[in-house]
Amino acid sequence: MTQIVDDIKPSYPLFRDDEYKEVLARKQSTVEERHDPDRMEEIFQWTTTQEYQELNFKREVLTINPAKACQPLGAVLCALGFEKTLPYVHGSQGCVAYFRTYFNRHFKEPVACVSDSMTEDAAVFGGQKNMFDGLENAKALYRPEMIAVSTTCMAEVIGDDLNAFIANARKEGHIAQDFPIPFAHTPSFVGSHTTGWDNMFEGIQRYFTLNEMAGKEVGSNGKINIVPGFETYLGNYRVMHRMMREMGVDYSLLCDPSEVLDTPTDGEYRMYDGGTRIAEMKDAPNSIDTLLLQPWQLAKTRKFVQGTWKQPASEINIPMGLDWTDDFLMKVSELAGKPIPESLAKERGRLVDMMADSHAWLHGKRFALYGDADFALGMTKFLFELGAEPTHVLVHHANKRFKKALDKLCSESPYGQSTRAHAGKDLWHFRSLMFTDKPDFMIGNSYGKFIQRDTLHKGKEHEVPLIRIGFPIFDRHHLHRMTTLGYEGAMYMLTTLVNAVLDRLDEETREMGVTDYNYDLIR
Ligand code: SF4
């Protein structure tokens, strides 16, 4: 069992050496209590059948492989988007380790976030003392200018009251009276990471503006507010800045973690970098309107914008693909009274040109997809624009109203007549569908790679390749820096989709002397 110093091998291919094969086989037979391989294969084959799918879809109380994450994870991302803000989670340390590693693996960046490490005693007596110490220590050690507090399941189950705890911490001198500490209760047994983002954002809106509305006047600062929602494509923040700048529109991007999650390696570690300034949030009620880029996940934010800021929160769809980017820019143009500039018109024209160039390869291709509600809607719409056919669209955290909206969108496109929307279903449901109604590709986050492997195990002709668009993407590098919104985002997604089709075609036609009549240099 040796490694040679000049040729150190990673686990693959090292574990293919005979001695490792032997060790692994011994481990399987002696300590793993492995089931009979024939029986396992029999069960595997059964899970690929229509009969199994029907049973699978009758599941009511069990989730297998959720296509969502928990609330505080979203709250942490929201907090990271504000200047010099430390996300603080009241609850268990392990939860925070999970949030941090989840973001580390996706963004390949360190992620600052603290917990007040509630353990058994706090679970019995409440976590107020943890919060007193936690706030004091976090402020002293990490010197933030704002601490944004959310909760884990544990704190929620025992009913800890953040408002009271923070007020008491101030009263007892653990933290200054005027130090900003917005908070949000983020119980993970309801909702998802997108609900958590929405809750935290509303907490920040509430903290800085609820009692400061005197003298505020809608439209008085001439700005448009843009709220991104749970957004993990850093290019999407940048494309918003660019499009607004090109339009000459005064705007506030309310929450922008694109700097802190993409800091340069230049010898200086930055715990905080960039982010929306508190002053911008305070000024937000004076704007003409607030546009919610992912409206299906921002219910509380919208309610606050309309109810407290008295702005219309004009209805838009996620600016994904051609039409909905058009709609977004026209809405901005209408609100700000600025024309759409030549540069954006040209960019649009380039996208249309690309769509025409790739049309022959994408027309009629069948894609199944899963992800967050707004992404799923936007991606479905864009696939229609490309002449592709979405077969199954699955959103774990969605309600009947969302399903109705998705069904309506599909009914309006000739390519959506057989699309099926699945709300409240998980990736084990999705796996069944990949066997019983095989698409050409699936679109989603990294977790789909195991579904691809399962379909391949059934046979090459059953394999459904995964196209990675979504969150999290752990097993490919740098995709989080790409853009999925605006014309620029549509160009990236189109490039990704069409090249996946061409890669697959090459793979299927490269057998020398058999299928290479179609293994072309020019596609
Ligand atoms: S679901 Fe609850 S227990 Fe699990 S990581 Fe999220 S907050 Fe922690």
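You'll find the structure just up there.
Residues numbered from 1 in each chain as written. Predicted model: local features only at pLDDT ≥ 70, side-chain atom pairs only at ≥ 80, totals over all residues. Heavy atoms only, no water.

1. Points about the pairing of strand β4 (residues 224–227)
At step 1: Because side chains alternate across β4, one face comprises the buried residues Ile224 and Ile226, and the other comprises Asn225 and Val227, equally buried.
At step 2: Crossover handedness for the path β4 to helix α12 (residues 234–247) to strand β5 (residues 251–253): right-handed.
At step 3: Sheet topology places β4 next to strand β6 (residues 289–292); four bridges connect them, and they run parallel. The residue bridging Ile224 from the neighbouring strand is Asp289, located in β6. (Buried < 20%, exposed > 50% of the residue type's maximum accessible area, 1.4 Å probe, protein only. Helix = DSSP H or I, 4+ residues; strand = E, 2+ residues; numbered from the N terminus. Right-handed = clockwise from strand over helix to strand, strands pointing away. Pairing = 2+ DSSP bridges.)

2. Quick word on the side chain of Ser188
At step 1: Along the polypeptide, Ser188 turns up in the loop between α10 (162–171) and α11 (193–209).
At step 2: Exposure remark for Ser188: the relative accessible area of 18% places this residue in the buried category.
At step 3: Here Ser188 is in contact with Cys70, Gln71, Pro72 and Cys153, once residues within four sequence places are set aside. (Contact = heavy atoms within 4.5 Å.)

3. Thoughts on the packing of helix α5 (residues 71–80) against helix α6 (residues 93–107)
Working note: a packed helix pair is described by the angle between its axes plus the distance between those axes.
At step 1: One can describe the packing of α5 onto α6 by two numbers: an axis separation of 10 Å at closest approach and a directional angle of 60 degrees. Relative to α6, the element α5 lies oblique. In this structure, α5 meets α6 at a crossing whose hand is right-handed. Across from Pro72, Leu73, Val76 and Leu77 in α5, the residues of α6 making contact are Tyr98, Phe99, Tyr102, Phe103 and Phe107.
At step 2: Each residue belonging to the contact of α5 with α6 can be placed in one class, and the counts come to nine nonpolar, no polar and no charged. (Axes fitted to C-alpha atoms, helices over the stretch in contact; angles between N-to-C directions. Parallel < 35°, antiparallel > 145°, perpendicular 65-115°, else oblique. Left-handed = near helix turned anticlockwise from the far one by under 90°. Nonpolar A, V, L, I, M, F, W, Y, C, P; charged D, E, K, R; others polar.)

4. Some thoughts on the packing of helix α8 (residues 128–142) against α10
At step 1: Their axes nearest at 10 Å, the elements α8 and α10 cross at an angle of 50 degrees. Between α8 and α10, the interaxial angle falls into the category oblique. The chirality of how α8 crosses α10 is right-handed. Residues Gln128, Met131, Phe132 and Leu135 of α8 form the contact with α10, whose participating residues are Leu162, Ala164, Phe165, Ile166, Asn168 and Ala169.
At step 2: Looking at side-chain class alone, the contact of α8 with α10 contains eight nonpolar, two polar and no charged residues.

5. A look at α5
At step 1: Along α5, ten of the ten residues are buried, which leaves the element largely enclosed by surrounding structure.
At step 2: All of the buried residues in α5 are Gln71, Pro72, Leu73, Gly74, Ala75, Val76, Leu77, Cys78, Ala79 and Leu80.

6. Some points on the environment of Arg277
At step 1: Considering the arrangement of structural elements, one finds Arg277 in the loop between β5 and α13 (278–283).
At step 2: Once the C-alpha coordinates of Arg277 and Leu254 are considered, the two residues, 23 residues apart in sequence, prove to be 8.6 Å apart.

Purely geometric numbers; function is a separate question.
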